[in-house]
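# Structural characterization, general
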Amino acid sequence: MARSSAAPAPGEPGVRPGRPAGPAVNASRFTAAAGSTGGGSARRPALRRFGDRFLRGGRLLQDGAPGGPVLRLFARWVRRPLLPAARLWRRNIQLRVVAGTLLMSLAVVLVLGFVVIGQVRNGLLDAKEKAAVSQAAGGFTVAKDKANATTVSDSDSADTGAASNSRQWRTDLVAQLASGGQGAYSVVTLAPASEETGAGNGGERTSGQVSPDSVSEKLRRSVDQGTAPYKTYTDIKYADGRAAEPGLVVGQRLEDIDHKPYQLYYLFPLSQEEKTLSLVKRTLATAGLFVVVLLGAIAWFLVRQVVTPVRMAAGIAERLSAGRLQERMKVTGEDDIARLGEAFNKMAQSLQSKIQQLEDLSRMQRRFVSDVSHELRTPLTTVRMAADVIHDARSDFDPVTARSAELLGDQLDRFESLLADLLEISRFDAGAAALEAEPIDLRETVRRVISGADPLAERKGSRIRVVGDEQPVVAEVDARRIERVLRNLVVNAVEHGEGNDVVVRFGVAGGAVAIVVRDYGVGLKPGEATRVFSRFWRADPARARTTGGTGLGLSIAVEDARLHGGWLQAWGEPGGGSQFRLTLPRTADEPLRGSPIPLEPDDSRRARSMTQADAGRLIAVPAQSGADRSPLPPLPRAIPADPTALPGSGARVVARAGDCGGQADSAGPAGSAESAESAGRAGSALQASDQASDPDREDTARGR
């Protein structure tokens, strides 16, 4: 349905009077706001359509919508280089196994690396903390002892001012404590965090150009709150512009010679531990990469030991299927792969012997049929001459004998036809059938076939109509064989059409031409559309044969179609008639890619039910009010896709009326199922003489 029609398309939310539902509410708000801010009423329909398209499921990327083709081209451009890699990934099991092994090995190495690095880092830090705490505890003890010793001496000489200089004392203390650990640690003295720096408390003293900012305010407050040592990790900063480095700081609150509190800190850089940890990381990364590569190589080697025989078996199986039955696998060793190769070779040998036996039997059967057919010609000629003499003198006989003479002539005609068909089938089986193709107008061939079938159509009360013959239908074909195929199809349609019309339709498209013969008789049951081309097959074995025919007509017809590189396909439904389609290439040796005419006709029950369902959905959608709504366009009749556009089994059968689930579809050249078993079925022609006299066999020129 068109986007601007008065009702929403099937499957989209409808609108009930007085109660908007779903996206229609948002769409109305969007379009109302756009219309109020637009440039007048001329813009409102366009904005309304844009709002509907935008808010109803995000459909801006549909065909014909803005941005859709660009995004599709971009996606195709991105996907194109990835297709070979994706194809290689799907088809190469060795690549998948090796890639999986590499990924899992990498995951294991990464996990182990993180665990090892964590353990090494924790060990280094623990050792550093123990050493730092021990070193700082010794320094704190030295500072306490020095302050106590200086206090005792100062009490004896209180009148001297130099000994009571606490600032000089702190400077000397920092120098003394830092002298024993050049490069290993630095010493910092700070005033308590509650006092201002340098306000009568001695100020800041550092060693090794360490900045006092290296000690955080949080640590200083913690040290002020107790007398025990505190430790934490920090970044050691330098006053001379050197880059900061991680370190461990240990501090404690002490008293100087004037019994004033101050903070003493030891700062231990962790540069050496960082170097050690970096070395461990590099070592683990190198070892992990080597292990992953080694595991990948091992996996590739081991998988190759298994995949190579499998690939060899697959290649030999493909060559066996191509007919090279002498191919065998090379077997080495006594392991499971070797036993698989031996079993494969035994299977191939058994298949070769069985196929050779079947080929010999089929060759003997074809030769027997050909010889018998030729040998029967001489006695049949004699019998025909005698039967003609008796038939000409039947007026001198009593009624019973005269009727017997007529029956004898009729059965001899059928016997001669059967013999000719057997000879033709034997030529196809032997591969001796030759194609004499020349460009002809198939309309003339159809006219000759129809003129020959008109007397039969008049007796049956049928009428043969031709459709699509306005333009020439030219193709390179063997006129004799195509006329035989069409005569068989038209005569079958008339005989089984139950007095209804028979339609012959032409179709031309690209490099193919198609001729379909449609009847409206008893039709075909599900599954019969493929078996109808089998030799001597009939739809109802219980029904006696009442019309002429040998039971080989459609078998010869499908072989004629294959000889042209074409398709002969059948479709049917019980009580709805049947349709046979002959598709031929316009030029010899041109491959077919499709047929101009669908195999299933437009007037089948399924097509009519689909059309009625679509029409019912159209009627069920409520109309919407609005002065700017256009009337509904006519709904196009749904034409089902042709399931036989590519080669296949060549049949489509519709189930009985009311049973839509019993459909049997197949596509491609009709009767291809017989090609695989033609060698095994060649012996069925040996029973031709018995079948000709069997009263239960029905005329299988149509396959019924």
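Below, the structure is looked at part by part.

### Looking at the packing of aromatic side chains
The tally for this structure, following the rule as stated, stands at seven aromatic pairs. Residues Phe74 and Trp77 carry aromatic rings whose centres are separated by 6.1 Å and whose planes lie at 35° to one another, so their mutual orientation is tilted. One end of the pair is Phe74 and the other is Trp77, both in helix H3 (residues 68-79) and three residues apart, which spans about a single turn. Classification of Trp77 by relative accessible area gives exposed; the value is 62%. Measuring from ring centre to ring centre gives 6.1 Å for Trp169 and Tyr262, while their planes differ by 85°; the resulting arrangement is edge-to-face. Within this pair, whereas Trp169 is found in helix H6 (residues 166-178), its partner Tyr262 is found in strand E5 (residues 261-269), the two being separated by 93 residues in sequence. By relative accessible area, Tyr262 is classed as buried at 0%.

### Notes on a nonpolar patch on the surface
There is a patch of nonpolar side chains on the surface, built from Phe290, Val291, Leu294, Leu295, Ile298, Trp300, Phe301 and Leu302 and spanning about 770 Å² of accessible area. In this structure, Leu295 sits in helix H8 (residues 271-321).

### Notes on the pattern of salt bridges
The full count for this structure, using the stated rule, is 24 salt bridges. One salt bridge connects Arg403 with Glu406, and the closest N-O pair in it is separated by 3.1 Å. Within this pair, Arg403 and its partner Glu406 are both found in helix H10 (residues 399-430), separated by three residues, close to a single helical turn. Overall, Arg403 belongs to the partly exposed group, its relative accessible area being 45%. A salt bridge links Glu559 to Arg562; the shortest N-O distance between them is 3.2 Å. Remark: Arg562 and Glu559 occur in helix H14 (residues 553-563); sequence separation between them is three residues, near one turn of the helix.

### Quick look at the environment of Leu125
Inspection of the secondary structure puts Leu125 in helix H5 (residues 93-156). The class of Leu125 is partly exposed, set by a relative accessible area of 24%. Beyond its immediate chain neighbours, meaning those up to four positions away, Leu125 contacts Tyr233 and Leu270.

### With respect to the pairing of strand E1 (residues 186-190)
With five of five residues buried, E1 is to be regarded as a mostly interior element. Pairing of E1 with E5 involves five bridges; the strand directions are antiparallel. Across the sheet, residue Leu190 finds its bridge partner in E5, namely Gln263. Two elements, E1 and strand E2 (residues 205-206), share two bridges in a ladder whose sense is antiparallel. Bridged to Thr189 within E2 is Arg205.

### Comments concerning H14
H14 sits mainly inside the fold: nine of its eleven residues count as buried. Of the positions making up H14, those classed as buried are Gly553, Leu554, Ser555, Ile556, Ala557, Val558, Glu559, Asp560 and Ala561. Within two residues after H14, Gly565 carries a phi angle of roughly 80°, on the positive side.

Quick notes on the rules
Residues numbered from 1 in each chain as written. Predicted model: local features only at pLDDT ≥ 70, side-chain atom pairs only at ≥ 80, totals over all residues. Heavy atoms only, no water. Phe/Tyr/Trp six-rings, centres within 6.5 Å; stacked < 30°, edge-to-face > 60°. Helix = DSSP H or I, 4+ residues; strand = E, 2+ residues; numbered from the N terminus. Buried < 20%, exposed > 50% of the residue type's maximum accessible area, 1.4 Å probe, protein only. Patch = residues over 30% accessible without salt bridge, like charges linked within 9 Å, V, L, I, M, F, W, Y side chains within 5 Å. Areas by Shrake-Rupley, 256 points an atom, 1.4 Å probe, with all protein chains shown as cover. Salt bridge = Lys/Arg side-chain N within 4 Å of Asp/Glu carboxyl O. Contact = heavy atoms within 4.5 Å. Pairing = 2+ DSSP bridges.

These figures come from the coordinates and say nothing about function on their own.
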